[in-house]
Amino acid sequence: MTELIPIGTILAVLSNQIIKISQAAKDVVFEKESFRALAKHLLDIEPVLKELQSQQLNDSPVARQALESLETNVKKAHALVEKYKGRARFYLLVKCRHIVKEIQDVTREIGDSLAALSLANVEVLSGISDQVHRLQHEMQRAEFEASHARLQIVDKLNQGISDQAFDKEFANDMLRDIARAVGVPVEPSEISRELAGFKREKEEAANRKERAEVFFLEQVIELLSRADAARDYEEVSNQYMQRVKVIERYDPREEYIEPFKAFYCCITGCVMADPVSLCTGTACERLALEAWFQRGEKSDPETGEDLQDFSWRPNIQLRQSIQEWRELNYCLKIRSCKAMITSNEERVVEALDWMKELVAENSINKDWISIGGLTEGVIALLESRITEAVRKKVLVTLKDIIEGHARNKAIILEKGGIEKIVMCLGLDASISEAAVGLLYEVLLDRSSWNTSCCKRLSQQCDEIIPLLVSVVKNGSKLAEEILLKLCEEDDNILKAARVNWFRPMINKVVQGSVLERISMVKELVSLELDDEKIKLLGEEGVIPPLLEMATGGVESKEVSLHALVKLSTFRGNKHLICGSGGVSFVVKLLSSPHILPAVTARCAEILANLSANGDGTTFLVDEDEGQLELKSVTANLLAIQQNLNSLDSIRKPALRALVGICQSEAGLVKSAVVSCSGISVVLALLDDSNQEIRELAINLVFLFSQHEPEGVVEYLLKPRRLEALVGFLENSEKGDVQRAAAGLLANLPKSETSLTEKLIELGGLKAIIQIIRSGTGEAKENALSALFRFTDPTNLKSQRVVVELNAFPLLTGLLRAGSVTASARAAALLGDLSVRTPELSELHRKKHGWFWSCFPQARAAVCPVHGGSCSLSTTFCLLEGGALPDLVRVVQDKVHATAYEAIQTLSTLVQEDSPQRGAAVLHEYGAIGPTIEVLRWGSESLKTEALILLERVFVSTEMVDLYGAMARAPLGQLASHSLCDERHLQRKAVRVLLLIERYSRSSTTSLVSTAAPITD
């Protein structure tokens, strides 16, 4: 007795079969919708079988019989899938109605088997009963139908075979419809391949003894073989030559042969395409006659006689005559076009239009155009002097001629057409777009690329890639496809990248193998990346894959970080690095032990770039934009400087990062100085042998000196240290170094006179004045701050050196053309010098008084301010230095910072022992009016300085007469204020008002009575 296979084994095998069949069904290229529906139903059965397995199905005879039925029908489905997988597409279309019926039948049979199986296992399947019932219901009632368009083609084919319409025109129509439906170009090589598949199907049917199938396929093959595209080239060429011999009898100027009257349809009045004849012999267009009868007409369209017989038959002989007439006209047009393309542009355009019509009307004309030599002639037009509009038309016409036509494509290659097309890519946008369309068609072979054409094009990649990239940037998808094909070669990826097209390179970085990715990133790093390239690389998404590579092996890590160094120079990319979590990763990697020096150096360079250009700590954030722990970052960067084994390649970027971070965060500077002994670490770097490290260190010393200036002074007073600082001041090529060195001096205590003297001796003062003369903006401002050390009114010796070095005219010049900060500091420095002028003027008078008394004719002019003999070099007199007009203008400009310093400096001219002289000079230069106006618009501190000056001015009756009336209103307004924070202004304003009252010649009443009472 035969041993039965366990039912569980049958279920398992059946489940596997169903999965395999459903996958195979999805791969059938024709009637995809029907086969996919079958695959879906099969996959829906698989969970039912799994459930039966899990519930240990009872091995009853009914259950086994139902399962065997299901297995048999599943095998039918498998056989059906295998039967139509990989078959010729023409054959599948012709059999589409039959194929769909087979799919429907097998689906319903499987549904019946499933119903029987579920009845035999009701209890077992109770948990999924609804699902099973729905599935079997759907399958038992499944209906499949081929698309309407395909059924129309099949019906037309069957009708043609029934009518024996085996003429060429019908065959051309039929072949074109079938080819379009299945996606095959109407091109001889393609059609030959499909017809060969048809013939194999016929032979297999003959082997199966299917006589009806064989007879049907023979008829289809015979019909389609009559089409122009189904004939071989020799046959097409012979046909063309026969037609040419006929037209040789016509005048060479003849361009058109008129049709015979019999060719016209008596209904439409047009030449017929599908003539049929009534029993009366009247010929009409088939569609027109059908419409005639559908309207209820019962007469002969030509004679008007009533018809007894309404049948018609195809008029094959007439159809062939019309086709022959058309072909003769095709040949006439081709002959004419050949002459016209060598004529003027108007005739060239007409010829191109004719050719476009020819290839649209009948595919055989693509062959005849090439046989007649027109293809070569049109290609040659690309080298001729024609307008851009005509050139574009040539490109479009060539595309129509070669589309789906291997022979015309071959002619393009033979005649150097690719090179000529490439020349058009650099022209007007519309021409380049047309050139790309033509080039794309040349490179295509059916739905894939023509290898030989692509290889030919690759030989010109140096020239063509930049041109194609420019077309891509104008939005051409075809140009992009061509480029992607060319960039399958790594060399071309680099050529595209050099002209700012990075998509293939980034694709390789994202999708390539580890070795390919490393190789491509190395190439990226080797490129000369300008700002535009760096920006584009970031925008096109290269940063995330680079960060992912940085988590890999040593080589992958080093090369990806090197690329990120370059990319992080662009601000937009800094945002992308932050958003991808790159900053946290780099900071962590920098502080990790046992990391190769090259990797550490790259991390430090990235941090330096992130903090550069004033960005400071802006980008030191995690992917959620949370600020990183900055104290630990600065501590790590300082630790690198302390490590004696750190290479310069690491220390330099680490220092740059420190400078950038500390410039933006004063709190970090203090932390670095106090917590990390930063000042001692960085001061030691000023003695480093590497100049760049010394220059970076001076920037940090400048920042740190704000918190620990004493340590810096102690360091500078050691041998050769101050000389180094002067060297930084003299380094005119490095504005940031000069700025830092000058700022450092500005931060140091002015009480260190030994430092001041040493600087003068070593040329430091001269260097500072040179920075003021020609330095950059911030360096100039810091140099002005440093100059206060030398203009200190308590140090006459250093003041004289300042004046001797011609600083005075530089300072007055800055009043006119400096920044707000520079102008304010220049005004204050002039004030420092002016403070000593009265004393110096008196000394000069005493020193030379005996000489002037003996020789009065040699007496120098008396200074109207100081009452003695003044000069710029001896007394630093503002009047002699020509500074007053610029100081007054500064006050008039109504900028608080500069006006404050200017008024303070002007106040030095009004001395307590002789205020009238200074007041008179201020009046002469127009300074008093703007000072009074300050009381209306100035800040509290500025108004205070203005009141101090006015208090000195209004001790003169003459000044009160001139300005008293002008000053009373703003002074009265200030005097009436009683806010606590403005009481000092109130008191000063009252005092000035009292002075005006006291020295006024015309006053009769007290204005002070209007003021609010003053309380302490």
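Please read all numbers here as calculations on a predicted model, not as lab measurements. (Residues numbered from 1 in each chain as written. Predicted model: local features only at pLDDT ≥ 70, side-chain atom pairs only at ≥ 80, totals over all residues. Heavy atoms only, no water.)

Draft legend 1. Spatial organisation of the overall build of the chain. A tally of regular secondary structure across the chain gives 55 helices and 5 strands. For the chain, the spread of C-alpha atoms along the three principal axes comes to 150 × 95 × 65 Å. Of all intrachain contacts in the chain linking residues separated by at least 6 positions in sequence, the fraction that spans at least 24 positions is 71%. Put simply, the chain shows about 46700 Å² of open surface, and 50% of that area lies on carbon and sulfur atoms. On the chain, the mean spot of the 118 positive side-chain charges and the mean spot of the 140 negative ones are 3 Å from each other. (Helix = DSSP H or I, 4+ residues; strand = E, 2+ residues; numbered from the N terminus. Contact = heavy atoms within 4.5 Å. Areas by Shrake-Rupley, 256 points an atom, 1.4 Å probe, with all protein chains shown as cover. Lys, Arg positive; Asp, Glu negative; His and termini not counted. Charge placed at Lys NZ, Arg CZ, Asp CG, Glu CD.)

Draft legend 2. Summary view of the confidence of the model for the chain. Confidence in the prediction of the chain, expressed as mean pLDDT, is 84, and 91% of residues score 70 or more. Within the model, the stretch residues 1003-1016 combines pLDDT values under 50 with 20 contacts to residues more than four positions away or in other chains. (pLDDT = per-residue confidence, 0-100.)

Draft legend 3. Highlighting the sheet that holds strand β3 (residues 312-314). The strand order across the open sheet formed by 3 strands is β2-β1-β3, and the pairing between neighbours is antiparallel. With one partner strand each, in any of the chains shown, β2 (283-285) and β3 form the two edges of the open sheet. Each strand axis lies, on average, 40° off the axis of its neighbour in the sheet, ignoring direction. Note that strand β1 (residues 275-278) and β3 share 3 bridges and pair antiparallel. Residue pairing for β3: Val276 is matched across the bridge by Pro314. Along the sheet, helix α12 (residues 286-294) makes contact with β1, β2 and β3, crossing β2 at roughly 90°. (Pairing = 2+ DSSP bridges. Axes fitted to C-alpha atoms, helices over the stretch in contact; angles between N-to-C directions.)

Draft legend 4. View of the pattern of salt bridges. Applying the stated criterion across every chain, the model contains 40 salt bridges. Glu327 is the partner of Arg243 in a salt bridge, and the nearest nitrogen-oxygen pair spans 2.8 Å. With Arg243 in helix α11 (residues 233-247) and Glu327 in helix α13 (residues 316-340), this residue pair connects regions lying 84 residues apart in the sequence. Measuring nitrogen to oxygen at the nearest pair gives 2.9 Å for the salt bridge that ties Glu539 to Lys535. Pair noted here: Glu539 and Lys535 are both in helix α27 (residues 531-539), with a separation of 4 residues, about one helical turn. Assessed through its relative accessible area of 52%, Glu539 is described here as exposed. Taken together, the shared-partner salt bridges connect Lys156, Asp177 and Arg180 into one network. (Salt bridge = Lys/Arg side-chain N within 4 Å of Asp/Glu carboxyl O. Buried < 20%, exposed > 50% of the residue type's maximum accessible area, 1.4 Å probe, protein only.)

Draft legend 5. The arrangement of the layout of surface pockets in detail. Computed from the structure, the largest pocket encloses a volume of approximately 710 Å³. Around the largest pocket, the lining is made up of 30 residues, and of these Pro185, Val186, Lys366, Glu403 and Gly404 lie nearest the centre. Residues belonging to the lining of the largest pocket are distributed by class as follows: 11 nonpolar, 6 polar and 13 charged. (1 Å grid on protein atoms, 1.4 Å probe; cavity = no way out; pocket = protein on both sides within 12 Å on 5 of 7 lines; lining within 4 Å. Points joined across faces, edges and corners; volume = space filled by probe spheres on them. Nonpolar A, V, L, I, M, F, W, Y, C, P; charged D, E, K, R; others polar.)

Draft legend 6. Representation of the packing of helix α19 (residues 417-424) against helix α21 (residues 451-458) in the model. Axis separation between α19 and α21 bottoms out at 10 Å; the angle between their running directions is 55°. Classified by the angle between their axes, α19 and α21 sit oblique to one another. Judged by the twist between their axes, the crossing of α19 over α21 is right-handed. Along its contact with α19, which presents Ile418, Glu419 and Val422, the element α21 presents Cys453, Arg456 and Leu457. Across the contact of α19 with α21, the residue classes break down as 4 nonpolar, no polar and 2 charged. (Parallel < 35°, antiparallel > 145°, perpendicular 65-115°, else oblique. Left-handed = near helix turned anticlockwise from the far one by under 90°.)

Draft legend 7. Structural view of the nonpolar core. Core analysis: the largest hydrophobic core is formed by 262 residues, its most contacted members being Met355, Ile464, Leu787 and Phe954. In terms of nonpolar packing, the next biggest core, distinct from the first, is built from 40 residues, Val48, Leu92, Ile103 and Ala146 among them. (Core = buried A, V, L, I, M, F, W, Y, C linked by side-chain atoms within 4.5 Å.)

Draft legend 8. Representation of helix α49 (residues 884-892) within the structure. Those residues of α49 that sit buried are Leu884, Asp886, Leu887, Val888, Val890 and Val891. The elements touched by buried residues of α49 are α45 (807-817), α46 (820-835), α50 (896-907), α51 (915-924) and α52 (928-937). Lys894, located one to two residues past α49, shows a positive phi value of around 60°.

Draft legend 9. Structural context of unusual backbone geometry. One non-glycine residue, Asn613, adopts positive backbone phi at about 55°. With respect to the helices, strands and loops of the structure, Asn613 is situated in the loop between α32 (597-611) and α33 (630-642). Although it is not a glycine, Glu625 adopts a positive phi angle of roughly 65°. Its relative accessible area of 70% is what places Glu625 among the exposed residues.

Draft legend 10. Representation of the packing of helix α22 (residues 461-472) against helix α24 (residues 490-498). It is at 9 Å that the axes of α22 and α24 come closest, and there the two elements cross at 50°. Relative to α24, the element α22 lies oblique. Judged by the twist between their axes, the crossing of α22 over α24 is right-handed. Contact residues: Cys461, Asp462 and Ile465 in α22; Asn492, Lys495 and Ala496 in α24.

Draft legend 11. Seen up close, the pairing of β1. Side chains of β1 alternate between two faces, with Pro275 and Ser277 and Val276 and Leu278 buried alike. Judged from the 3 bridges that link them, β1 and β2 form a sheet pairing that is antiparallel. By the bridge assignment for β2, Val276 is matched with Cys284. In this antiparallel pair of consecutive strands, β1 and β2, the connection spans 4 residues, and Gly281 shows a positive phi of 90°.

Draft legend 12. Looking closely at the packing of aromatic side chains. For the coordinates displayed, the defined rule picks out 8 aromatic pairs. On the basis of an interplanar angle of 20° and a centroid distance of 6.3 Å, the ring pair of Phe293 and Trp312 is categorised as stacked. Here Phe293, found in helix α12, pairs with Trp312, found in strand β3; they are 19 residues apart in sequence, far enough to count as distant. Judged by its relative accessible area of 18%, Phe293 falls in the buried class. A residue is classified by how much of its surface remains accessible, and Trp312, at 29% relative accessible area, is partly exposed. Summarising the aromatic geometry, the rings of Tyr330 and Trp368 are spaced 6.5 Å apart at their centres and angled 65° between planes, so their arrangement reads as edge-to-face. Here Trp368 lies in helix α15 (residues 364-371) and Tyr330 lies in helix α13, a separation of 38 residues in the sequence. Trp368 matches Tyr330 in its accessibility class, with the two residues each being buried. (Phe/Tyr/Trp six-rings, centres within 6.5 Å; stacked < 30°, edge-to-face > 60°.)

Draft legend 13. Examining helix α3 (residues 61-84) more closely. Helix length check: α3, at 24 residues, gives a terminal C-alpha distance of 35 Å against a target of 34 Å (1.5 Å per residue), a fit within 8%. Among the residues of α3, Ala63, Arg64, Ala66, Leu67, Leu70, Asn73, Val74, Ala77, Leu80, Val81 and Tyr84 are the ones counted as buried. Positive backbone phi, approximately 80°, marks Gly86, located one or two places after α3. (Expected span 1.5 Å × (residues − 1).)

Draft legend 14. Just the environment of Glu480, in detail. Summarising the element assignment, Glu480 is placed in helix α23 (residues 477-486). Between the C-alpha atom of Glu480 and that of Trp501, which follows or precedes it by 21 residues, the distance is 10.0 Å. The contact partners of Glu480, leaving out residues within four places of it in the chain, are Val472, Trp501 and Arg503.

Draft legend 15. Representation of the state of the cysteines in the model. Within the structure shown, the criterion is met by 0 disulfides. Lacking any disulfide linkage, Cys603 is separated from the closest cysteine sulfur, that of Cys578, by 15 Å. The thiol of Cys870 is not disulfide-bonded; the next cysteine sulfur, from Cys863, is found 3.7 Å away. (Disulfide = S-S within 2.5 Å.)

Draft legend 16. Molecular detail of the side chain of Ser336. Looking at the element boundaries, Ser336 is found in helix α13. Take Ser336: its relative accessible area is 7%, and that puts it in the buried class. Leave out the neighbours within four places in its chain, and Ser336 touches Glu254, Glu255 and Trp354.

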